[in-house]
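# Structural overview
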Amino acid sequence: MLVSGNKLKYALALLLILSAGAGVLVWAKWSAKTIAPLSLPVLSGERIHLPDQRGKLTWVNAWSSSCAACLHELPTLEALHQEYGERVQMVAVAMPYDPPNTVMEVQDRLQLTLPLALDLDGQAARQFAPDLMVPSHHLLDPTGRVLLSVKGELTLAKMRAMLNPYLTR
């Protein structure tokens, strides 16, 4: 049986543990990566800004024309773009080693309306795929803070499950 002095010690210990946990959560929030703003050319001839300058979330997919999983996944990203395009800026950024004509061929063959950006100087790759591992996915808030990053091919259901919690906030 606990005596009243021990109850105080346990209460203080619990308070200390909870405070430490809250501190870790605050640290994790403040230590989240923020990208440097980027302006990339897209195949339409325009430029796309990362993060979105209109206050939207931005879903960035880093991909390569030489990656079979990436090519398999692009139609899934197109479906996500069709479903969420009004609320989320979507962009698929080709790796710097992908020639623009090859990226254009992929866009035509897969009939993509999803913006395909060219990373001609490697700035986006340095921020989103410094190890050049593709595909990779990144969700940015309007300030450029990275809300999530995932490597590997994703299903449409998984993309929705990852995105939806940020749209209900």
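Residues numbered from 1 in each chain as written. Predicted model: local features only at pLDDT ≥ 70, side-chain atom pairs only at ≥ 80, totals over all residues. Heavy atoms only, no water.

Bringing the confidence of the model for the chain into the picture now. Summary statistics for the chain give a mean pLDDT of 86 and a share of 80% for residues scoring 70 or more. Within the model, the stretch residues 18–31 combines pLDDT values under 50 with one contact to residues more than four positions away or in other chains. (pLDDT = per-residue confidence, 0-100. Contact = heavy atoms within 4.5 Å.)

Turning to its location among the elements, Gln127 is positioned in helix α4 (residues 123–128). Contacts of Gln127, omitting those with residues within four sequence positions, involve Lys33, Ile35, Ala36 and Leu38. (Helix = DSSP H or I, 4+ residues; strand = E, 2+ residues; numbered from the N terminus.)

On to the side chain of Glu78. Residue placement: Glu78 occurs in helix α2 (residues 68–84). Put simply, Glu78 is tucked away with no salt bridge, and the nearest opposite charge, on Arg160, sits 13 Å away. Side-chain polar atoms of Glu78 contact the backbone nitrogen of Leu114, separated by 2.8 Å. Excluding residues that lie within four positions of it along the chain, Glu78 makes contacts with Leu112, Thr113 and Leu114. (Buried < 20%, exposed > 50% of the residue type's maximum accessible area, 1.4 Å probe, protein only. Lys, Arg positive; Asp, Glu negative; His and termini not counted. Salt bridge = Lys/Arg side-chain N within 4 Å of Asp/Glu carboxyl O. Polar contact = N/O pair within 3.5 Å; in protein donor to acceptor, adjacent residues only side chain to side chain.)

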